[in-house]
Every structure is written in C-alpha cells, then in structure tokens.
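Descriptive structure summary
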Amino acid sequence: MAKNEKQHSPSSMRRKLKIWQDRLATLAAGRKGLWGIALASFMETTIIPIPIEIVIAPVMAASRARGFIVATVTLAGSVAGALALYLLAYLLFDDLAQPLIDMAGGQAQFDDLQTKFETGGFWVVFAISITPVPMQIAALAAGAASYPIWLFVIAISASRALRYYGLWLLVLGFGAGIARIFEGRKPKVSRNSG
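The structure displayed is predicted, hence computed values, not measured ones.

1. Quick notes on the UniProt feature "transmembrane region" (unreviewed entry) in the protein
UniProt annotation of "transmembrane region" (unreviewed entry) refers to residues 34-56, 68-93, 137-158 and 164-182 when read in the numbering used here. Between the C-alpha atoms that bound residues 137-158 the distance is 19 Å, and the span itself is 82% helix and 0% strand.

Structural data, given as structure tokens:
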C-alpha cells in the first residue's frame, strides 16, 4: 500500500479523529477547554466542514453536568464563525469570499442559495444550519446578498441551538451510547435477561 493510501485509510482517519477527540476532551476538563471547544466550533463553521458533534458528543457524555455549558460554548463559536463569513462576504466579496467559493467548487450552489435568499432567506439559513450540511456557502451567500444581518443571526442561533442543545438532551437520555454513534461506532447493547 502506498504511503498516501495509508494516511487516508479509514482506520488511519479514525485514529486521527480519536487523537483529536482525546485532546479536546482533555482541554474541556478545565476552563481553557471551553475556549478550545469554541475555537473548534468556529473552525467547523468557517473552514473545516466536519460536524462538530463528533467532537462534542463524547465530551458531553464524559461530563453530563457540563453538557449544557459545552452546548452553549459550541453555539457561541458557531454563530461567531457564521457571522465572520457573513461579514467577509458583505464587505469583501470580490476580494476574499469569491476565491473561497471558487476553491470549494461551490459556485452553482452559491448562485442557487443567493436566489433563494430573495424569497425566503430566514428559512434557507435555518434549514441549512440545522442539518449537518456545511453552511459556509450559505453564510457567504447571505452576506453577498446583503440579507438582513439580524435575521441571519436569529436564524443561525435558533437552528444551531436546536442542534447542540438537542444533542445535549440526547446525551442526557442515552449517555455514552449516543456518543459512540457520533464517533461512527455501534452503541453497546445491554444484555439483561430479565
């Protein structure tokens, strides 16, 4: 197997993900850890299109009492990231946002979203940000279309709050089993015979 193939194999990717999850869980044990979670959420919203849930679900399961705080910090990082992309597109679309769209190969998706903002921007932002679909293009389209920033922030905040606080409630109800699902593993089944 070539070196490049080994680096991108599923087991290699799982090991790398596990390393990052362990580091974040260690960070999350103290006050500075919350800043790490906020930064990871900001990066997930802006440049790394990987759902943050795979990182925060195990942290929430490890400390259920702090789950609400983890959800709040994740929400703050996500809203800040979305707002940064919105402002980037609003202020510097041609210089900075358009090259990002070109690099991601998302021009057709961007054009489609920009058209949708003219008819129902709030629900477009809400629907995109509640799903695990990367929302970088939506934030850029909202800024480029000069969609009202206050509606954009409300839509992002409401939809992402549903995601992160919903995850916290799932972790409260189902514990580590739900975290295992987000890690891409099967939950352990209790074998009670009675």
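2. With respect to the confidence of the model for the protein
Low pLDDT marks stretches whose predicted atomic positions should not be read closely. In this model, the protein carries a mean pLDDT of 75, and residues with pLDDT of at least 70 account for 69%. Between the elements of the protein, mean pLDDT differs from a low of 50, seen in helix H1 (residues 3-7), to a high of 90, seen in helix H8 (residues 149-174). Counting interchain partners and residues more than four positions distant, the pLDDT-below-50 stretch residues 1-5 has one contact. Per-residue pLDDT stays below 50 along residues 189-194; that stretch engages in zero contacts with residues further than four places along the chain or on separate chains.

3. Considering the packing of aromatic side chains
Under the definition given, this model contains four aromatic pairs. Pairwise contacts between aromatic rings join Phe68, Tyr165 and Trp168 into one cluster.

4. Some points on the environment of Gly121
With respect to the helices, strands and loops of the structure, Gly121 is situated in helix H6 (residues 107-130). Look at Gly121 and you get buried, because its relative accessible area is 4%. Expressed as a C-alpha distance, the spacing of Gly121 and Tyr147, which sit 26 residues apart in the sequence, is 7.2 Å. For Gly121, the contacting residues outside a window of four places in its chain are Lys116 and Tyr147.

5. What about a nonpolar patch on the surface?
Side chains of Leu87, Tyr90, Leu91, Leu92, Ile149, Trp150 and Ile154 sit close together on the surface and give an oily, nonpolar patch of about 700 Å² of accessible area. Every element with two or more residues in the nonpolar patch is listed here: helix H5 (67-104) and H8. When residues in the nonpolar patch are grouped by element, the largest group, four residues, is from H5. Judged by its relative accessible area of 45%, Tyr90 is partly exposed.

Cut-off values and rules
- Residues numbered from 1 in each chain as written.
- Predicted model: local features only at pLDDT ≥ 70, side-chain atom pairs only at ≥ 80, totals over all residues.
- Heavy atoms only, no water.
- UniProt positions renumbered as here; feature names shortened; annotations may be inferred.
- Helix = DSSP H or I, 4+ residues; strand = E, 2+ residues; numbered from the N terminus.
- pLDDT = per-residue confidence, 0-100.
- Contact = heavy atoms within 4.5 Å.
- Phe/Tyr/Trp six-rings, centres within 6.5 Å; stacked < 30°, edge-to-face > 60°.
- Buried < 20%, exposed > 50% of the residue type's maximum accessible area, 1.4 Å probe, protein only.
- Patch = residues over 30% accessible without salt bridge, like charges linked within 9 Å, V, L, I, M, F, W, Y side chains within 5 Å.
- Areas by Shrake-Rupley, 256 points an atom, 1.4 Å probe, with all protein chains shown as cover.
- Salt bridge = Lys/Arg side-chain N within 4 Å of Asp/Glu carboxyl O.

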